[in-house]
Amino acid sequence: MEFHNKLKELRTNAGMTQKQLGTQIGVTKSVISYYELQERMPSPEILIKLAAVFHVSADYLLGIEKSPVIDVSGLKDEDISMLKQMVLYMRTKNENGSN
């Protein structure tokens, strides 16, 4: 998926308007529209702000990383360990074809 589609999908899934997102990262609604219409690409600084808003990496936004990364900042080590165990369990379950 290309940047403009990924941005629109993340924004709409978050329930945000273009104006709300623009306000959050310090640009106008029109600029967000230009990004989503593939008429402009964000500067590195804006890309970092977008990644922070949606809790994804800039590489994910640019299509370099194919899977979103889960932001675990603010969690305790034991919480992160529990999440890792859950991911391992679900991955094994899916590989074995279980529901």
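Residues numbered from 1 in each chain as written. Predicted model: local features only at pLDDT ≥ 70, side-chain atom pairs only at ≥ 80, totals over all residues. Heavy atoms only, no water.

Draft legend 1. Quick look at helix α3 (residues 29–36). Along α3, the residues classified as buried are Val31, Ile32, Ser33, Tyr35 and Glu36. Contact partners of the buried residues in α3: α1 (3–13), α2 (18–25) and α4 (44–54). Gln38, located one to two residues past α3, shows a positive phi value of around 65°. (Buried < 20%, exposed > 50% of the residue type's maximum accessible area, 1.4 Å probe, protein only. Helix = DSSP H or I, 4+ residues; strand = E, 2+ residues; numbered from the N terminus. Contact = heavy atoms within 4.5 Å.)

Draft legend 2. Inspection of the packing of aromatic side chains at higher detail. All told, the structure shown has one aromatic pair when counted by the stated rule. Here the basic side chain of Lys6 rests over the ring of Tyr60, its NZ or CZ set 4.2 Å away from the ring centre. (Phe/Tyr/Trp six-rings, centres within 6.5 Å; stacked < 30°, edge-to-face > 60°. Lys NZ or Arg CZ within 6 Å of the ring centre and 35° of its normal.)

Draft legend 3. Structural view of the packing of α2 against α4. Interaxial distance between α2 and α4 falls to 10 Å at its minimum, and their mutual angle equals 115°. Looking at the two axes, α2 sits roughly perpendicular to α4. Crossing geometry of α2 relative to α4 is assigned as right-handed. Contact residues: Leu21, Gln24 and Ile25 in α2; Ile46, Lys49, Leu50, Val53 and Phe54 in α4. (Axes fitted to C-alpha atoms, helices over the stretch in contact; angles between N-to-C directions. Parallel < 35°, antiparallel > 145°, perpendicular 65-115°, else oblique. Left-handed = near helix turned anticlockwise from the far one by under 90°.)

Draft legend 4. A look at the pattern of salt bridges. Going through the model one piece at a time under the given rule, you end up with one salt bridge. A salt bridge links Arg11 to Glu36; the shortest N-O distance between them is 2.6 Å. One end of the pair, Arg11, is in helix α1; the other, Glu36, is in helix α3, with 25 residues separating them in the sequence. For Glu36, a relative accessible area of 9% puts it in the buried group. (Salt bridge = Lys/Arg side-chain N within 4 Å of Asp/Glu carboxyl O.)

Draft legend 5. Structural context of the nonpolar core. By size, the foremost hydrophobic cluster in this structure holds 19 residues, and its most contacted members are Leu21, Ile25, Leu50, Phe54 and Leu61. Of all the secondary-structure elements, those providing two or more residues to this core are α1, α2, α3, α4 and α5 (58–61). Among the elements that take part in this core, α4 stands out by supplying six residues, more than any other. Beyond its immediate sequence surroundings of up to four residues, Ile25 is in contact with Ile32, Ile46, Lys49, Leu50 and Val53. (Core = buried A, V, L, I, M, F, W, Y, C linked by side-chain atoms within 4.5 Å.)

Draft legend 6. Geometry of α4. Looking at α4, one finds that the buried residues are Ile46, Leu47, Leu50, Ala51, Val53 and Phe54. The buried residues of α4 occupy one face: seen down the axis, they fall within an arc of 160°. Opposite the buried face of α4, at more than 90 degrees from it, the exposed residues are Pro44, Glu45 and Ile48. Downstream of α4 by a residue or two, His55 has a phi angle that is positive, lying close to 55°. (Arc of directions from axis to C-beta.)

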